Amino acid sequence: MKRAPVWLLLLATFASLLGLVLPLLCAVAPALWAAALIRKNRGASVALLALPFVLSGLLYALMQGAEGAGDSLVSLLCLSALGTVPAFAIVRVQTRKKGGFYTAAAAGGLCALFLYLALCLPGVLSGAGAFAAVQQSTAELGELFLAILSQVPKTERSAAVMETFTLLFEALPGQIPALLVSWVLQTGCFMGLSNTLLFRLLVRKEREELGLAPMKRFSEWGVPREFTAGLVVLLLGSILLTVLETEYAQGVSAAVTAVVSFPLLVQALAVVDFFLLRKPANLAVKRTLIYLASGFLLMMGMQSVFIMIGCFEQVFRIREKADMIDRYRQKPPQTGPGGPR
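We now turn to the structure provided with this report. (Residues numbered from 1 in each chain as written. Predicted model: local features only at pLDDT ≥ 70, side-chain atom pairs only at ≥ 80, totals over all residues. Heavy atoms only, no water.)

Relative orientation of the contacting elements helix α1 (residues 6–18) and helix α2 (residues 29–37) amounts to 150°, with a least axis distance of 9 Å. Judged by the inter-axis angle, α1 sits roughly antiparallel to α2. Here the hand of the crossing between α1 and α2 comes out left-handed. Residue-level contacts link L8, L9, L11, A12, T13, A15 and S16 of α1 to A29, L32, W33, A35 and A36 of α2. Here the residues of the contact of α1 with α2 are counted per class, giving ten nonpolar, two polar and no charged. (Axes fitted to C-alpha atoms, helices over the stretch in contact; angles between N-to-C directions. Helix = DSSP H or I, 4+ residues; strand = E, 2+ residues; numbered from the N terminus. Parallel < 35°, antiparallel > 145°, perpendicular 65-115°, else oblique. Left-handed = near helix turned anticlockwise from the far one by under 90°. Contact = heavy atoms within 4.5 Å. Nonpolar A, V, L, I, M, F, W, Y, C, P; charged D, E, K, R; others polar.)

The subject of this paragraph is the pattern of salt bridges. Counted by the stated rule, this structure contains six salt bridges. A salt bridge links R39 to E206; the shortest N-O distance between them is 2.5 Å. A residue pair is termed long-range when its members are at least 10 positions apart, and R39 in the loop between α2 and α3 (42–49) and E206 in the loop between α9 (156–202) and α10 (228–244) qualify at 167 residues. Exposure remark for E206: the relative accessible area of 14% places this residue in the buried category. (Salt bridge = Lys/Arg side-chain N within 4 Å of Asp/Glu carboxyl O. Buried < 20%, exposed > 50% of the residue type's maximum accessible area, 1.4 Å probe, protein only.)

Our focus in this paragraph is the packing of aromatic side chains. The final tally for this structure, using the stated rule, is nine aromatic pairs. Here the aromatic rings of F101 and F227 are separated by 4.9 Å at their centres, their planes lie at 70°, and the arrangement is edge-to-face. On the criterion of sequence distance, the pair formed by F101 in helix α7 (residues 100–126) and F227 in the loop between α9 and α10 is long-range, its members being 126 residues apart. Ring geometry for F145 and F165: centres 5.1 Å apart, planes at 50°, overall tilted. A residue pair is termed long-range when its members are at least 10 positions apart, and F145 in helix α8 (residues 132–149) and F165 in helix α9 qualify at 20 residues. We note K98 situated over the ring of Y102; from NZ or CZ to the ring centre the distance is 5.6 Å. (Phe/Tyr/Trp six-rings, centres within 6.5 Å; stacked < 30°, edge-to-face > 60°. Lys NZ or Arg CZ within 6 Å of the ring centre and 35° of its normal.)

Turning to the nonpolar core, a few remarks are in order. The biggest cluster of nonpolar side chains holds 23 residues, and the ones touching the most others in it are A34, I38, F199, V203 and L212. If you list the elements that add at least two residues to this core, you get α1, α2 and α6 (86–95). Setting aside residues up to four positions removed in sequence, V203 forms contacts with A35, R39, L210 and L212. In terms of nonpolar packing, the next biggest core, distinct from the first, is built from 21 residues, A27, L76, F114 and V184 among them. (Core = buried A, V, L, I, M, F, W, Y, C linked by side-chain atoms within 4.5 Å.)

Okay, the state of the cysteines next. Within this structure, the stated rule accounts for zero disulfides. Here C78 stays free of any disulfide, with the sulfur of C120 as its closest cysteine sulfur at 10.0 Å. Given a relative accessible area of 7%, C78 falls into the buried group. (Disulfide = S-S within 2.5 Å.)

This paragraph deals with α6. Among the ten residues of α6, seven are classified as buried, and the element is accordingly described as predominantly covered. K97, located one to two residues past α6, shows a positive phi value of around 60°.

What follows covers the environment of A255. Relative to the helices and strands, A255 is located in helix α11 (residues 249–277). Taking the C-alpha atoms as reference points, A255 and L179, 76 residues apart in sequence, are found 8.9 Å from one another. The residues contacting A255, other than those within four sequence positions of it, are V181 and L185.

With that settled, the discussion passes to the packing of α8 against α9. It is the contact of α8 with α9, at a shortest axis distance of 9 Å, that shows an interaxial angle of 165°. Relative to α9, the element α8 lies roughly antiparallel. Our pair here, α8 against α9, has a crossing hand that is right-handed. Each of V134, Q135, T138, G142, F145, L146 and L149 in α8 lies in contact with α9, whose residues at this interface are V161, M162, F165, T166, F169, L172, P173, I176, P177 and L180. The class makeup of the residues in the contact of α8 with α9 is 13 nonpolar, four polar and no charged.

With that settled, the discussion passes to a nonpolar patch on the surface. On the surface, W7, L11, F14, L18, V21 and L22 cluster together into a nonpolar patch covering about 620 Å² of accessible area. Looking at where L22 falls in the secondary structure, it is placed in the loop between α1 and α2. When its relative accessible area of 46% is taken as the criterion, L22 is described as partly exposed. (Patch = residues over 30% accessible without salt bridge, like charges linked within 9 Å, V, L, I, M, F, W, Y side chains within 5 Å. Areas by Shrake-Rupley, 256 points an atom, 1.4 Å probe, with all protein chains shown as cover.)

The backbone of N282 sits at a positive phi, close to 55°, despite the residue not being glycine. Mapped onto the elements, N282 comes out in the loop between α11 and α12 (283–299). Phi angles above zero are rare outside glycine, and R317 is one such case at about 50°. Take R317: it is sitting in the loop between α13 (303–316) and α14 (318–330).

Examined against the element boundaries, S261 turns out to sit in helix α11. Sequence spacing of S261 and A118 is 143 residues, and the spatial spacing of their C-alpha atoms is 24 Å.

Encoded structure:
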């Protein structure tokens, strides 16, 4: 088994350290660590992997005595874990020869957990509340925006706009728990998927040597059938809480929507890719145009279209049916005494 190249170790270290400042880099850092850990020199990888935690401690030592130093340490430690710990989940799932869905689910779950802890744990430990810091920042931003808006010359239209934004910013802090939980879960799902795809890219030529099962093409990706019942139970539970108007219905509903919708959305993109591969002429051009159009639809808030496609695939197995039809058409006609039949 080959050793992890030096450039990979350095890139993983740089990504996880910079992830303390730019957490979105954790969409790639665990995959880099996983690609290093699965190779021969695991001791060096684990030693370098501890650097973000050491740096967090050093920063805390420099900040000691300053206001909010304890909260900063907790957040930095959680961000250090966000950029490193999911790598162990990727290695564990892949060495057990599980597919891409299980790998993305395990990594995404850990990413969502540590991202949530980085945002909310300081408030919980200080007694202010899990969402207090975000709510306070939102309120301050709203006050600043309204102060700027108040400088606009007074007209009937500007007064109406001012009133609208005042009502919006008054209501927004109360919506933070549901919005934040949904965002954390969706970001965790995205990080799990991106790390899985990057890990796949980094080890694609050595999968057999590393003892990994061949990974399916993206067009074959899908939510395993055993997860269908779980998705249905989550949706029904969310609907029941909403109907009963329980205290946490809004937050739970947002969380369930995020957890259920993302895998179905990815499955829908895989279905689109499957049908593109059926007619490979000008495949690169068609893929580029289709994915650009898909990205535009997602930015326009039309995720429901893809989620619906994902649901249809989960229930009716569209790709399996298409393959069956192709096999039937390619089957040679049977011949008998009376000729073809």
